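# Tertiary structure, described
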Amino acid sequence: MTEIMNGSLHLWLIPVLPLAGFLINGLLGKRLPKFLVTAVALLAPLAAFAVVLIAAASTFFPQGFVRAMQGYDICCPDRAPSWTETFGTWINIGALHIDFAFVLDQLSLVMLLVVTGVGFLIHIYSVGYMKEDPGYARYFAYLNLFLFFMTTLVLAGNALVMFIGWEGVGLASYLLIGFWFSKASAVEAGKKAFIVNRIGDVGFLIGMFLLLANFGTLTFTEIATKLGQDPGWTGGVVTVIALCLLLGATGKSAQLPLYIWLPDAMEGPTPVSALIHAATMVTAGVYMIARTHVLFDHSPFALSTVAIVGAVTALFAATIALVQTDIKRVLAYSTISQLGYMFLGCGVAAYSAAIFHLMTHAFFKALLFLAAGSVIHGLGGEQDMRKMGGLRKKMPVTFWTMTVAVIAISGIPPFAGFFSKDAILYAAFQQGSLGKVLYFVGLITAALTAFYMSRLWYLTFTGETRSPDAHPHESPWSMLGPLVILALLSIGGGWISGAWTGVGNFGAFLGPVLGQTATESGGVPFEIILSVVAVIVAVLGWFVAEWLYGQKSEHPAQLAAALPAPYKLLANKYYVDEFYGATVIKPLMAISTYLLGWFVDKAILGGAAWLLGGIATFSGALLQRWQSGNLRSYAAWLAAGAAAVLLFFVLPWSNVWPASFDFIWKVVGH
Amino acid sequence: MSSFLSQEVPLSWYLLLSALLFTLGVVGFLIKRNLITVFMSIELMLNGVNLSFVTFAHQWHAVKGQIFVFFVMMVAAAEAAVGLAIIIAVFRARATLAVDRIDLMKL
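Residues numbered from 1 in each chain as written. Chains lettered and ligands numbered in written order. Predicted model: local features only at pLDDT ≥ 70, side-chain atom pairs only at ≥ 80, totals over all residues.

When its secondary structure is counted, chain A shows 28 helices and 2 strands. Overall size of chain A, expressed as C-alpha extent along the three principal axes, is 110 × 65 × 55 Å. Per-residue burial for chain A yields a buried fraction of 48% across its 670 residues. (Helix = DSSP H or I, 4+ residues; strand = E, 2+ residues; numbered from the N terminus. Buried ≥ 20, exposed ≤ 12 C-beta atoms within 10 Å, placed from the backbone.)

Shown next, in the form of structure tokens:
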């Protein structure tokens, strides 16, 4: 530790390497040969990943990763390695002082490993997926740009630097959703994502202003110190700040009421959906709450709000996912639902459980999306599950990796999703009566999750093919390789939780940053009972899916016909888009068109401009006559003017306005 | 020593003469159509002003006024040289010196 304290971890390299990739491919990509574009695009995240690993090894695991995972180096929270690198002052006005500072601690390390690691895998996958696309270089430039902003967001030592990354990933998301910009729906989806995120960003911004006004700093550690010094900071302004930050988080992480952009974001290329709209960017809200958790800890109300938003979103999105037919939309609603779990975890102060679920979710949701992308690729762009089926034999690698992901997300041990989801539900159950209610909401969601994922699996891979004209083929190895690696991570990624397996202790590792919550080291037998319940519920969900979709049967249609109203409600996604359209967009459009467009713009501004222009034209037309071109006329006016001035000074009646004369004299004289 | 100006001729006479010369110049400038006459009217105005400069310089015993007169004479000489050259050029191009007919800046 001591020797590296004097050196530097070169954290700036982590974002700058992808930025270099973006600049090279963005500026020169069209002129470079394709293999060079690929090399630059892949080397950037790989090198960033390597820098992260080196920094992690020298800071957190001086005795090696294996021993660290066995719990040797993470025993002592007081050591709490947190590495800050400052690259200069950004703003220095009066009391306001903001640095360009990066912080590497346990929390940002976990996020960086996920972002650069999974990001690199998805870059590899994209090489195969986007091979034929004319915008190949542009695609990788955007992808590298995303990594630049995401790593900036994660490494940020204060809220303003985080905001750079926050806005930047929004931009990258917008560019990639609208990547196929000749398609109208993709452009619309990009705009929708951008605008909905702006609403959340307003919350983040107001939260920052309030932080500055009340704490005088945006640096996370200083805020924590100031909050810790004065136990009087509870409720009131802290609640308002926390709720503003929560609004920002709901925008970025697609929670109620701002989740509506994420399903539409599926218009982008599938690897983008995997990286940005499932594994990394949408988890930024969870990361932000974890990063600012001291604020939430001081406001029970805000914390409960986070938990309720999370649980309600989880259930809400899971029910919509039940009846969707587009394979990517099922996964999109599933992502919203899983993000709801993470918010639930944050809301019951089990931040490390939320971050743990963030990590395992990144593995299996990226895998689900990439496997779905492989299916779509193999079927030549088909996304409707009703036209799939029987792909098991045609795409064996995709089938097996997808199976792993489905089991992982359903929460079956020993796959990754089980440990993280269990940790959240267990933590929720221990948080009083509200926690118990939310626990049952989470439990129902778990059953629904198992159901809709099994449904997706059955519809896609089993039975007979429902579109005989298609000629499905297995994807190339550049796509299957990342699938296999992610499948391994989806199996083993949960074992570091410390529950049951004894391999590491994730909660203790994050403890120095996020605080040790008592809930995560509670009584073991009780936890086992809850786990068993969760597994039973998941199996129940799978069983229903098996009954409905396992064989070629009329059951789904019969069920839909028996319950027409709920089915229609779900199929139309609770009419939320229509509701927002009627209550927000239409009034806004009306105000824009009539009040702002017609009245303010056309009548007031247009009228004023017309008036000024008219005065100028009219007076110009009058004065034009003066400029006759006749030399003697000019001379006459000149002489008349001189005579007038002379008269004014000479004649005694100039004393009639001595005040004005004095004034002119003062103005001219000084 | 007493100036020959002092007792015999009062100050106002000089100024009246100066104003008369200047007004003649202005009137000539305005009513004459021949460019050379207009030009001479300008000289008349300049000299009217020179006269009042000299008068005041004498009255207040300030040498500045006389220096100004030298400047004005020098500028007038330069103006005469350049102005007459332009007049000749205009006459060669237009074959006229009527001011009302040379009101365009292009040929």
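From this point on, the discussion continues.
The next point concerns the overall build of chain B. A tally of regular secondary structure across chain B gives 3 helices and 0 strands. Secondary structure elements in chain B, listed N-terminal to C-terminal, are α-α-α. Counting only residues that meet the buried cut, chain B has 9% of its 107 residues in that class.

In this section: the interface of chain B and chain A. Chain B puts 6 residues into the contact, and the matching count from chain A is 7 residues. Each residue belonging to the side of chain B that touches chain A can be placed in one class, and the counts come to 4 nonpolar, no polar and 2 charged. (Contact = placed C-beta atoms within 7 Å. Nonpolar A, V, L, I, M, F, W, Y, C, P; charged D, E, K, R; others polar.)

All right, on to the environment of I444 of chain A then. Looking at where I444 of chain A falls in the secondary structure, it is placed in helix α20 (residues 432-461). Look at I444 of chain A and you get partly exposed, because 17 C-beta atoms sit within 10 Å.

With respect to the helices and strands, V26 of chain B occurs in helix α1 (residues 11-31). Under the C-beta neighbour-count criterion, V26 of chain B is labelled buried, with 21 such atoms within 10 Å. Linking V26 of chain B and S41 of chain B, residues 15 residues apart in sequence, is a C-alpha distance of 6.8 Å. Apart from residues lying up to four places away in sequence, V26 of chain B is in contact with A639 of chain A together with M45 of chain B.

Further remarks concern the nonpolar core. Residues and elements named next belong to chain A. Core analysis: the biggest nonpolar cluster contains 210 residues, and A354, A366, L367 and A405 have the highest contact counts within it. Sort the elements by how many residues they give to this core and helix α17 (residues 351-378) lands first, with 18 residues. With residues near it in sequence (within four places) discarded, L367 still touches T401, A405, L483, L486, A487 and S490. (Core = buried A, V, L, I, M, F, W, Y, C linked by C-beta atoms within 7 Å.)

The subject of this paragraph is α20 of chain A. All names here are of chain A. Under the 1.5 Å per step criterion, the end-to-end length of α20 is 43 Å for 30 residues, consistent within 8% with the ideal 44 Å. When you tally the buried positions in α20, you get 23 out of 30 residues, the bulk of the element. Backbone geometry just after α20 places G463 at a positive phi near 70°. (Expected span 1.5 Å × (residues − 1).)

So, on to the packing of α17 of chain A against helix α22 (residues 506-514) of chain A. Residues and elements named next belong to chain A. Interaxial distance between α17 and α22 falls to 9 Å at its minimum, and their mutual angle equals 120°. One way to sum up the angle between α17 and α22 is to call them oblique. Crossing handedness for the pair α17 and α22: right-handed. For the pair α17 and α22, the contacting residues are Y351, S352, I355 and F356 in the first and F506, G507, L510 and L514 in the second. Here the residues of the contact of α17 with α22 sort into 6 nonpolar, 2 polar and no charged. (Axes fitted to C-alpha atoms, helices over the stretch in contact; angles between N-to-C directions. Parallel < 35°, antiparallel > 145°, perpendicular 65-115°, else oblique. Left-handed = near helix turned anticlockwise from the far one by under 90°.)

Turning our eyes to something else, we now look at the confidence of the model for chain B. Residues at a pLDDT of 70 or more form 90% of chain B, whose mean pLDDT is 87. If you check the scores for this complex, the pTM reads 0.77 and the ipTM reads 0.76. (pLDDT = per-residue confidence, 0-100.)

Here we take up the pairing of strand β2 (residues 96-104) of chain A. All names here are of chain A. Of the pairings in the sheet, the one linking strand β1 (residues 83-93) to β2 comprises 8 bridges and is antiparallel in character. Across the sheet, the residue bridging to I93 is L96, located in β2. What sits between β1 and β2 in their antiparallel hairpin is a turn of 2 residues, with G94 showing a positive phi close to 60°. (Pairing = 2+ DSSP bridges.)

A word on helix α8 (residues 184-215) of chain A. All names here are of chain A. If you check α8, its first and last C-alpha atoms are 46 Å apart, about what 32 residues at 1.5 Å a residue would give, namely 46 Å. Remark: the principal bend of α8, roughly 25°, maps to I199. Listed as buried for α8 are A186, A189, G190, K192, A193, V196, N197, G200, F204, G207, M208 and L211. Lining the buried residues of α8 we find α7 (159-177), α9 (220-229), α10 (236-252) and α11 (261-264). Residue G216 follows α8 closely and has a positive phi angle near 70°. (Bend = angle between axes of the 7 residues up to and from the residue.)

The subject of this paragraph is the environment of A643 of chain A. Position of A643 of chain A relative to the elements: it lies in helix α27 (residues 631-650). Here the alpha-carbon distance between A643 of chain A and S352 of chain A, two residues 291 residues apart in the chain, equals 91 Å.

Residue and element names in this part refer to chain A. Residue L256 is joined to P257 through a cis peptide bond whose omega torsion reads 0°. Looking at the secondary structure, you find P257 in the loop between α10 and α11. Looking along the chain, the bond that leaves P413 and enters P414 is cis, with omega of 5°. Structurally, P414 is set in the loop between α18 (396-410) and α19 (416-429). The backbone of A254 sits at a positive phi, close to 55°, despite the residue not being glycine. If you trace the backbone, A254 turns up in the loop between α10 and α11.

What follows is about the confidence of the model for chain A. Residues and elements named next belong to chain A. In the predicted model, chain A carries a mean pLDDT of 85, and 90% of its residues have values of at least 70. Between the elements of chain A, mean pLDDT differs from a low of 40, seen in helix α1 (residues 2-6), to a high of 94, seen in helix α6 (residues 136-155). Scored below 50 in pLDDT, residues 1-6 makes 4 contacts in the model with residues more than four places away or belonging to other chains. Contacts of residues 72-79 to residues separated by more than four positions or lying in other chains number 14 contacts, the stretch itself having pLDDT below 50.

Take the packing of α10 of chain A against helix α15 (residues 300-321) of chain A next. Residues and elements named next belong to chain A. Packing of α10 against α15 leaves a shortest axis separation of 9 Å and a crossing angle of 20°. In terms of orientation, α10 lies roughly parallel with respect to α15. The element α10 and its partner α15 pack so that their crossing is right-handed. Judged by residue contacts, T239, A242, L243, L246 and T250 of α10 engage F301, A302, T305, V306 and V309 from α15. Here the residues of the contact of α10 with α15 are counted per class, giving 7 nonpolar, 3 polar and no charged.

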